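One-letter residues, chain by chain:
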Amino acid sequence: MSDPDFTRRLAAAQAEMLAAGLKPSHTNPLLFKLLARLGMNVRPPHYQPFAANVLIYGWFFGLSWGIAMYWLIWRGQGMPVPVASGIALLAGLLFGILMSTFTLWQRRSKSLSRWQDL
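In this report, the structure presented in the accompanying data block is examined. In this text the structure is predicted, and so the values were computed from the model without any measurement.

1. Examining the side chain of Ser 100
- Structurally, Ser 100 can be placed in helix 5 (residues 81-109).
- With a relative accessible area of 1%, Ser 100 lands in the buried category.
- Side-chain polar atoms of Ser 100 contact the backbone oxygen of Gly 96, separated by 2.8 Å.
- Ignoring anything within four residues of it in the chain, the contact list for Ser 100 reads Phe 50, Asn 53 and Val 54.

2. Focus on the pattern of salt bridges
- Scanning all chains against the criterion turns up three salt bridges.
- Note that Asp 5 is salt-bridged to Arg 8, the shortest N-O span being 2.8 Å. Placement of the pair is Asp 5 and Arg 8 together in helix 1 (residues 4-19), with a separation of three residues, close to one helical turn.
- Among the ionic pairs, Arg 9 bridges to Asp 5, the shortest N-O distance being 3.6 Å. Of this pair, Arg 9 and Asp 5 both sit in helix 1, four residues apart, which is roughly one turn of that helix.
- Assessed through its relative accessible area of 34%, Asp 5 is described here as partly exposed.

About the cut-offs
Residues numbered from 1 in each chain as written. Predicted model: local features only at pLDDT ≥ 70, side-chain atom pairs only at ≥ 80, totals over all residues. Heavy atoms only, no water. Helix = DSSP H or I, 4+ residues; strand = E, 2+ residues; numbered from the N terminus. Buried < 20%, exposed > 50% of the residue type's maximum accessible area, 1.4 Å probe, protein only. Polar contact = N/O pair within 3.5 Å; in protein donor to acceptor, adjacent residues only side chain to side chain. Contact = heavy atoms within 4.5 Å. Salt bridge = Lys/Arg side-chain N within 4 Å of Asp/Glu carboxyl O.

Printed below as a string of structure tokens:
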């Protein structure tokens, strides 16, 4: 079931971001569309706390990139799974921090409201 308050805030957030000049692909990235399709009430990234964006982006990137790298390259090179997992974890963390920083910069430069104020 959909939360009416969340739906109202989501619509207000989408309208605010588009009015501020953000591209539609930045207002609702593919990963967040996927999470919404899975039934999760996930705020747009510009309205998430920094740490939540690090976890969301980092988890997805680290997992998908790590699995792909292991099966395509590292397995053939004989890299142990714990080492591959550590590298994927570090890559996910770095990607999450970079994406969260970019999102925070956009939020501040466009003077977007806080989620609670929508």
